[in-house]
Amino acid sequence: MTATHDGPAYTVKPGRAGGLRVFAAVMLVLAGLLDALRGIMGIAGDDVFLRTPEYAFRFDLTAWSWIHLALGVLAVLVGAAVLRSARWARVAGVAVAVFLVLAGFLSLPYAPLWSLVVIALAGFVVWALCVVRRVR
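One structure accompanies this document, and this report is about it.

Rules behind the numbers
Residues numbered from 1 in each chain as written. Predicted model: local features only at pLDDT ≥ 70, side-chain atom pairs only at ≥ 80, totals over all residues. Heavy atoms only, no water. Helix = DSSP H or I, 4+ residues; strand = E, 2+ residues; numbered from the N terminus. Buried < 20%, exposed > 50% of the residue type's maximum accessible area, 1.4 Å probe, protein only. Areas by Shrake-Rupley, 256 points an atom, 1.4 Å probe, with all protein chains shown as cover. Contact = heavy atoms within 4.5 Å. Expected span 1.5 Å × (residues − 1).

## Structural notes on the overall build of the protein chain
- Helix and strand content of the protein chain: 4 helices and 0 strands.
- In the protein chain, the order of α-helices and β-strands from amino to carboxyl end is α-α-α-α.
- When burial is assessed residue by residue, the protein chain has 37% of its 136 residues classed as buried.
- As displayed, the protein chain has an accessible area near 8,300 Å², and 71% of this comes from carbon and sulfur atoms.

The structure is reproduced here in structure tokens:
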């Protein structure tokens, strides 16, 4: 007799998988809210951010603020979808979190501490969404 295997053995228990999904969703919503607030602050008044004349990636701060606002709103929406266990939301959550990391890195000289917090939160989101496997 031969044994048949339906699929790989999952190492993450169902309870932990659900916990990581919720963690990723909450962290993505939090990172999105922080990024949206950064965008609103930049649109409302540019005097909140630091000026770095010798930075290699110089952008117009108002345009950059609109990008942060759009990314923040998108992150909140995708985070809500991850919380509801939508299939597409895990892939979209990783993509949005990667864009949050890139945007945080590129705007690091304008708001250093804020950028580091968003980068860390988005990094945890990528980790949590990539570790969780679909439970059968």
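## Quick notes on the side chain of S107
- Relative to the assigned elements, S107 resides in the loop between α3 (87-106) and α4 (112-131).
- Among all residues touching S107, those that are not within four sequence positions of it are R38, W64, H68 and S115.

## Quick word on helix α2 (residues 61-83)
- Under the 1.5 Å per step criterion, the end-to-end length of α2 is 32 Å for 23 residues, consistent within 8% with the ideal 33 Å.
- All of the buried residues in α2 are L61, W64, S65, H68, L69, L71, G72, A75, V78, G79, A81 and V82.
- In the segment just after α2, S85 is the residue with positive phi, at about 65 degrees.

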